[in-house]
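Chain and residue survey
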Amino acid sequence: MSGYITFWSKDYVKSLEKSGDKGPFSVVYGSRHTKMPSISSLKTGDIVYPVAILQGTLCAMARLEVDKIEPAFDYLMRETGQRHSALIPEGILMLESTKCGDFAVFSGGCGYIDKCDIPDNIHTVIREDELKPLPHKFHQEPITCCAKTAASGKGSEIYPRPIAKEMLPDLLFGKTKSSQKPLRFNENGVPQSVSLSGFIRKMSDGTFEIFERLFRE
């Protein structure tokens, strides 16, 4: 079991609050975008903590114990009833009716059905206009497009849990013990978002314990 952090911007936290989403936190997505970085390093049993910088304070927003890792497309179709721009697995064709005809989207391409080359390996055709949305929480929709992987499980409520300022220098992150580094801070001692965002970051054992204590209190 390892601990990881992923970064939520202030704007995303505001969107969560506006939607009334207080959890329980149930899924984290990975993609090729820095706003929603790859989660390829995650394994079942790992713990993920979304963090945010709110009013100059680093906060752990939630805790998720990963039970399942699967294509984001599969999770979204099952849990929300729609794909929400997730990457489409090979063999699946999505069709959407437009004024100009049926528009097809598939792994590696898209176009009007009568004008594009459809792959030979298509085994499932799904009409997007026939999909019925399922009740779900705001955080279950990917932050940005091209979600590739979903790590889901049992999570906590979503709300800020401040980390004491004097403990921030002790937080270390890195894939291996020899590569672990502390956060970067500005002149006011506030963690810089650049040292938190862009990647899902593995914690040191000591950092993992600090975060775990926040959720025992």
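Residues numbered from 1 in each chain as written. Predicted model: local features only at pLDDT ≥ 70, side-chain atom pairs only at ≥ 80, totals over all residues. Heavy atoms only, no water.

What about the overall build of the chain?
Looking only at helices and strands, the chain features three helices and 14 strands. Per-residue burial for the chain yields a buried fraction of 42% across its 217 residues. Considering only residue pairs separated by 6 or more positions, the chain has 70% of its internal contacts joining residues 24 or more positions apart. About 12,000 Å² of surface is accessible on the chain, with carbon and sulfur atoms providing 50% of the total. (Helix = DSSP H or I, 4+ residues; strand = E, 2+ residues; numbered from the N terminus. Buried < 20%, exposed > 50% of the residue type's maximum accessible area, 1.4 Å probe, protein only. Contact = heavy atoms within 4.5 Å. Areas by Shrake-Rupley, 256 points an atom, 1.4 Å probe, with all protein chains shown as cover.)

A closer look at helix H3 (residues 205-214)
What H3 keeps buried is the set Thr207, Phe208, Ile210, Phe211, Glu212 and Leu214. Buried residues belonging to H3 abut strand S1 (3-7), strand S3 (47-54), strand S4 (57-60), strand S11 (161-162) and strand S12 (172-173).

Observations concerning the layout of surface pockets
In this structure, the largest pocket occupies an estimated 540 Å³ of space. Secondary-structure elements contributing two or more residues to the lining of the largest pocket are strand S13 (181-182) and strand S14 (201-202). Tallied by class, the residues present in the lining of the largest pocket amount to seven nonpolar, six polar and five charged. Looking at the second largest pocket, its volume works out to about 320 Å³. If you trace the second largest pocket, you find 17 residues lining it, with Phe7, Ser9, Tyr12, Lys35 and Ile143 closest to the centre. Among the secondary structure elements, those contributing two or more residues to the lining of the second largest pocket are S1 and helix H1 (10-19). In the lining of the second largest pocket, the residues fall into nine nonpolar, five polar and three charged. (1 Å grid on protein atoms, 1.4 Å probe; cavity = no way out; pocket = protein on both sides within 12 Å on 5 of 7 lines; lining within 4 Å. Points joined across faces, edges and corners; volume = space filled by probe spheres on them. Nonpolar A, V, L, I, M, F, W, Y, C, P; charged D, E, K, R; others polar.)

Comments concerning the pairing of S3
Taking burial as the measure, the eight residues of S3 include eight buried ones, the bulk of the element. Burial of S3 is two-sided: the residues Ile47, Tyr49, Val51 and Ile53 facing one way and the residues Val48, Pro50, Ala52 and Leu54 facing the other way are all buried. Bridge count for S1 against S3 is five bridges, and the pairing is parallel. Bridge pairing in S3 places glycine 3 opposite isoleucine 47. Inspection of the sheet shows S3 paired to strand S5 (residues 64-71) by two bridges, in the antiparallel sense. Considered in S5, the bridge of isoleucine 47 is made with glutamate 65. What sits between the antiparallel neighbours S3 and S4 is a turn of two residues, in which glutamine 55 has the positive phi angle 50°. (Pairing = 2+ DSSP bridges.)

Side note on the pattern of salt bridges
Within this structure, the stated rule accounts for nine salt bridges. A salt bridge links glutamate 209 to arginine 213; its shortest N-O distance comes to 3.9 Å. Pair noted here: glutamate 209 and arginine 213 are both in helix H3, with a separation of four residues, about one helical turn. Each of the salt bridges in this network shares a partner with another, and the network as a whole consists of Lys68, Glu70, Arg78 and Glu79. (Salt bridge = Lys/Arg side-chain N within 4 Å of Asp/Glu carboxyl O.)

Looking at the environment of phenylalanine 106
Residue position: phenylalanine 106 is located in strand S7 (residues 101-106). Relative accessible area serves as the criterion here: at 10%, phenylalanine 106 is assigned to the buried category. Sequence separation between phenylalanine 106 and isoleucine 118 is 12 residues; the distance between their C-alpha atoms is 8.3 Å. Dropping the residues within four chain positions of it, phenylalanine 106 is found in contact with Ile88, Ile92, Leu93, Cys116, Asp117, Ile118 and Pro119.

What about the pairing of strand S8 (residues 109-112)?
Alignment of S7 against S8, held across four bridges, turns out to be antiparallel. Across the sheet, residue valine 105 finds its bridge partner in S8, namely cysteine 110. In this antiparallel pair of consecutive strands, S7 and S8, the connection spans two residues, and glycine 108 shows a positive phi of 90°.

Here we look at H1
Regarding H1, the residues found buried are Tyr12, Val13 and Leu16. Looking straight down H1, one finds its buried side chains confined to an arc of 100°; they lie on one side. Away from its buried face by more than 90 degrees, H1 exposes Asp11, Lys14, Glu17 and Lys18. In the core, the buried residues of H1 are packed alongside S3. Following H1 by one or two positions, glycine 20 adopts a phi angle in the positive range, close to 80°. (Arc of directions from axis to C-beta.)

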